[in-house]
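Listed here are the chains, written in short residue letters.
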Amino acid sequence: MGSQATGFDSGPAPLPPKDVVLSLRTGKIRPFGGVKGLSSAINKQPRSGKIQLTAGGFSGDERQYIHHKSPDNAIHQYDPRHYEDWKKILPDREHKFKVGAFGENISSAHLSEDNLCVGDKFRLGPEAIIQVTMLRQPCYKLNHRFEYKKMSSLIQSTGYTGWYYRVIQGGEVQEGDVIELIERINPFWSLSRIHYILYTDASNIEAITEIIQLEGLSKEFLTLFQKRLAKGTENMDGRLLGDFAVLWQSYKLVEKTRLTPRVQRFVFKSEDQDIDSEDLQFGRFPHVRLRFGPDSEFTRAYSVVSGDMRSFELGIAKDDNSRGGSLFLHDDLKVGDVLEVAKGHNASVPIISNDQESGSTKHIFILGGIGVTAFIGEIGTLEKKSANFEIHYAVRSRKEAAYLDQLPTKNTAVYAKDEGRRLDVSSIIPSPNDCRDDCFKPLVYCCGPSSLLTACQEITTKLGYPRSQTHFEEFGGAGTGTGEPFEAEIKNTGKVLQVPREKSLLDILNEAGFEIDSSCLVGNCGTCMVDVCKGEVVHQGTALEDEQKENSMLSCVSRGKGRIVIDC
């Protein structure tokens with residue numbers, strides 16, 4: 001069996017020693033990486049106590065990818081020793097390589113791709129029996145997870161993939177439980193040898209013929225190898241690269257100019273001269289994310305005033321309540337400094353296309369302060385088309401009205417606080433089908449502080465606006481996540497966390513070790529969403545649909561009242 005089918009050392013795999021569960025984690029499907037349309041359950045949280053294991057996996061664990069929902073993929077395990085190797089391979093991302101980063105359900109000290117074989121059966125805890133079915137095939141989502149465009153390919157080449165089990169017999173499992181091999185069916189087919197045939201000796205017909213007869217092999221791998229026999233090696237680009245752009249690139253600050261006492265103009269230029277043409281242009285309502293320092297998790301999202309991914313302009317106000325973003329940019333960032341930048345993908349529902357006939361549509365822009373930057377490009381497009389639009393721009397004073405010179409005077413009303421002119425959104429927003437004069441369909445756009453966004457959202461909801469006729473943007477200091485203190489009880493453990501006035505729920509959860517993914521930090525992307533099981537929430541941000549707000553909240557900006565019960 002197995003002997004000369006490959007150039008790989010195909011002798012029997014060593015037997016693994018008795019092991020114990022060092023970490024047990026489960027996760028829920030969440031928006032992922034700040035990228036519109038991308039979701040995953042990879043960010044799994046540690047679980048304490050006994051967790052029920054069934055054929056579908058651990059209680060409370062979700063899987064987004066359809067093939068991962070197979071019983072053959074019920075449990076994912078990753079060798080934690082690989083993390084030390086990854087820190088050496090990618091030292092600039094060392095902070096990302098810690099247990100749980102690969103989305104594993106369990107980890108232990110001694111099991112690896114080298115000493116496990118397809119079909120191996122293990123006793124897990126006092127009752128459960130599980131069986132090794134396949135390697136994990138790395139996909140493009142790992143590029144986003146580790147913010148490195150070649151990560152999935154690198155995982156594939158190293159063989160540090162992790163593996164899956166099916167559940168033969170369920171039971172309760174907890175950290176500290178024994179993992180013990182009870183039967184080895186295919187001693188010559190270690191996971192490392194399967195890996196060799198998958199990616200190195202991919203056309204070895206004799207080996208593939210042997211693999212598809214292995215007892216315990218997953219249906220996914222059985223189908224894959226059967227197709228190889230019939231059609232040859234598959235194209236792996238879709239799995240490794242995906243349809244989503246890899247995020248972070250280096251940009252140098254080439255210009256910094258003061259526009260008003262509180263607003264500065266920042267122009268960034270790409271350090272990469274070979275940007276793919278499909279990644280060059282922004283979409284509607286463009287924004288970028290800036291990351292402060294290569295080893296930092298600190299990011300902020302800002303609207304793009306003009307340009308493309310070769311060079312673009314931002315207009316950024318210094319926020320009185322800055323949590324570090326605008327303060328750093330205004331006071332510390334200097335011309336010539338380099339930051340990492342990612343093209344933003346807005347999570348909001350797109351507003352009806354502006355390609356409609358101008359006679360039947362009226363575009364109403366309601367802007368507060370630096371919120372003007374969110375829609376300068378859209379306004380310019382509408383002006384070129386001679387569309388029907390109006391702009392309502394609220395500022396502290398005209399001298400603080402950034403980019404006022406880029407707004408068409410005849411379409412713009414300025415509401416300056418120091419002149420005693422107040423913006424009353426209730427008098428501006430008409431009914432969804434306004435026929436007071438000529439009948440038209442109003443489209444309402446709003447960007448500004450939370451108070452302005454809340455007022456516009458309340459009025460459009462009251463008037464019955466469909467989502468397709470509204471578009472809300474919230475960046476910078478509009479959402480800070482601070483406010484009245486409250487308590488958050490964790491459903492699975494009963495632990496109660498105190499959320500003080502000056503910190504967000506996201507801050508407190510991460511301090512408590514929950515490692516909640518986040519991106520924009522102002523409620524615009526949905527990455528930090530958690531489930532709300534009980535209690536009242538004061539919702540901020542724009543990422544959640546109304547129906548989502550019934551059972552979820554954005555931990556970066558929304559707050560509870562009194563005590564809420566959440567599930568991370």
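For clarity, every value in this text was computed on a predicted model and none was experimentally measured.

A. Local environment of the environment of Thr-493. Tracing the sequence through the fold places Thr-493 in the loop between strand E26 (486-490) and strand E27 (496-499). What makes Thr-493 partly exposed here is its relative accessible area of 44%. C-alpha separation for the pair Thr-493 and Gly-49, spaced 444 residues apart in sequence, amounts to 8.3 Å. A polar side-chain atom of Thr-493 sits 3.1 Å from the main-chain amide nitrogen of Lys-495.

B. Looking closely at the sheet that holds strand E17 (residues 287-291). Around the barrel, 6 strands lie side by side as E15-E16-E19-E18-E17-E20; this closed barrel has antiparallel pairing. Neighbour-to-neighbour, the strand axes of the sheet open up by a mean angle of 45 degrees, direction not taken into account.

C. Seen up close, the pattern of salt bridges. Under the defined criterion, the tally for this structure stands at 28 salt bridges. In this structure, Lys-362 and Glu-390 form a salt bridge, with 2.8 Å as the shortest nitrogen-oxygen distance. One end of the pair, Lys-362, is in strand E21 (residues 361-368); the other, Glu-390, is in strand E22 (residues 389-395), and 28 residues separate them in sequence. As far as burial versus exposure is concerned, Lys-362 and Glu-390 are alike and both buried. The closest approach of N and O atoms between Glu-484 and Arg-501, which form a salt bridge, is 2.9 Å. Taken together, the residues span a long stretch of sequence, with Glu-484 in the loop between strand E25 (470-473) and E26 and Arg-501 in the loop between E27 and helix H13 (505-511) at a distance of 17 residues. Residue classification places Glu-484 among the exposed residues on the basis of a relative accessible area of 52%. Taken together, the shared-partner salt bridges connect Lys-28, Arg-30, Arg-47, Glu-62, Asp-531 and Asp-567 into one network.

D. Broad picture of the packing of aromatic side chains. Taken as a whole, this structure holds 18 aromatic pairs when the rule is applied. An aromatic cluster of at least three residues, connected via ring pairs, comprises Tyr-78, Tyr-83, Trp-86, Phe-97, Phe-102, Phe-146 and Tyr-160.

E. Structural view of the pairing of strand E12 (residues 163-169). For E12, the tally of buried residues reaches 5 of 7 residues, placing the bulk of the element in the interior. Summarising the sheet, strand E8 (residues 75-77) and E12 pair through 3 bridges and their orientation is antiparallel. If you follow Ile-75 over to E12, its bridge partner there is Tyr-165. Sheet analysis places strand E11 (residues 128-135) next to E12, joined by 6 bridges and oriented antiparallel. Residue Gln-131 lies in a different strand from E12, and its bridge partner there is Arg-166.

F. Region of the structure containing empty space enclosed by the protein. In this structure the tally under the stated criterion is 2 cavities of 30 Å³ or more. In this structure, the largest cavity encloses a volume near 130 Å³. Considering the residues around the largest cavity, the lining is formed by 14 residues, among which Lys-28, Arg-30, Asn-43, Asp-517 and Thr-527 are closest to the centre. Looking at the lining of the largest cavity, the elements with two or more residues in it are strand E3 (30-31) and strand E28 (529-538). Class assignment for the residues of the lining of the largest cavity results in 7 nonpolar, 4 polar and 3 charged.

G. Examining the confidence of the model for the protein chain more closely. A residue-level look at the protein chain finds 88% of positions with pLDDT of 70 or above and a mean pLDDT of 88. Confidence drops under pLDDT 50 across residues 1-7; counting only partners more than four residues distant or on other chains, this segment forms 20 contacts.

H. Layout of the sheet that holds strand E23 (residues 412-416). Across the sheet, which stays open at both edges, the 5 strands sit in the order E23-E22-E21-E24-E25 with parallel pairing between neighbours. The sheet is open, and its two edges are formed by E23 and E25, each paired on a single side. Taking each pair of neighbouring strands and ignoring which way they run, the sheet shows an average axis angle of 10 degrees. Taken together, the 6 bridges between E21 and E22 define a ladder with parallel strand orientation. The partner of Ile-364 across the bridge, within E22, is Glu-390.

I. Spatial organisation of the environment of Phe-472. As for its position among the elements, Phe-472 is in strand E25. Assessed through its relative accessible area of 10%, Phe-472 is described here as buried. Put simply, Phe-472 and Gly-541 are 69 residues apart on the chain and 9.0 Å apart in space, counted from C-alpha to C-alpha.

J. Fine view of the nonpolar core. Ranked by internal contacts, the top residues of the largest apolar core, which has 40 residues, are Leu-53, Phe-58, Ile-75, Leu-124, Tyr-165 and Ile-194. Of all the secondary structure elements, the ones that give two or more residues to this core are strand E6 (51-54), strand E10 (121-124), E11, E12, helix H4 (191-199), helix H5 (205-211) and helix H6 (219-231). Not counting the four nearest positions on each side in its chain, Ile-75 is found in contact with Leu-53, Phe-58, Asn-105, Ile-106, Leu-124, Ile-130, Trp-163, Tyr-164, Tyr-165 and Val-167.

K. Fine view of the side chain of Ser-39. Within the secondary structure layout, Ser-39 lies in strand E4 (residues 39-40). The contact partners of Ser-39, leaving out residues within four places of it in the chain, are Ile-29, Arg-30, Pro-31, Phe-32, Gln-64 and Lys-141.

L. The arrangement of the packing of H4 against H6 in detail. Where H4 contacts H6, the axes come no closer than 12 Å and their chain directions differ by 40 degrees. Accordingly, the angle class assigned to the pair H4 and H6 is oblique. Here the hand of the crossing between H4 and H6 comes out left-handed. On the side of H4, the interface is formed by Ile-194, Ile-197 and Leu-198, while H6 contributes Phe-221, Leu-224, Phe-225 and Arg-228. Looking at the contact of H4 with H6, its residues break down into 6 nonpolar, no polar and 1 charged.

M. Molecular detail of unusual backbone geometry. A positive phi angle, near 65 degrees, is found at Tyr-403, a position not held by glycine. Position of Tyr-403 relative to the elements: it lies in the loop between E22 and E23. With a relative accessible area of 5%, Tyr-403 lands in the buried category. Despite not being glycine, Glu-515 has its phi angle at roughly 55 degrees, a positive value. With respect to the element layout, Glu-515 can be found in the loop between H13 and E28. With relative accessibility at 29%, the residue Glu-515 sits in the partly exposed group.

The rules behind these values
Residues numbered from 1 in each chain as written. Predicted model: local features only at pLDDT ≥ 70, side-chain atom pairs only at ≥ 80, totals over all residues. Heavy atoms only, no water. Helix = DSSP H or I, 4+ residues; strand = E, 2+ residues; numbered from the N terminus. Buried < 20%, exposed > 50% of the residue type's maximum accessible area, 1.4 Å probe, protein only. Polar contact = N/O pair within 3.5 Å; in protein donor to acceptor, adjacent residues only side chain to side chain. Pairing = 2+ DSSP bridges. Axes fitted to C-alpha atoms, helices over the stretch in contact; angles between N-to-C directions. Salt bridge = Lys/Arg side-chain N within 4 Å of Asp/Glu carboxyl O. Phe/Tyr/Trp six-rings, centres within 6.5 Å; stacked < 30°, edge-to-face > 60°. 1 Å grid on protein atoms, 1.4 Å probe; cavity = no way out; pocket = protein on both sides within 12 Å on 5 of 7 lines; lining within 4 Å. Points joined across faces, edges and corners; volume = space filled by probe spheres on them. Nonpolar A, V, L, I, M, F, W, Y, C, P; charged D, E, K, R; others polar. pLDDT = per-residue confidence, 0-100. Contact = heavy atoms within 4.5 Å. Core = buried A, V, L, I, M, F, W, Y, C linked by side-chain atoms within 4.5 Å. Parallel < 35°, antiparallel > 145°, perpendicular 65-115°, else oblique. Left-handed = near helix turned anticlockwise from the far one by under 90°.

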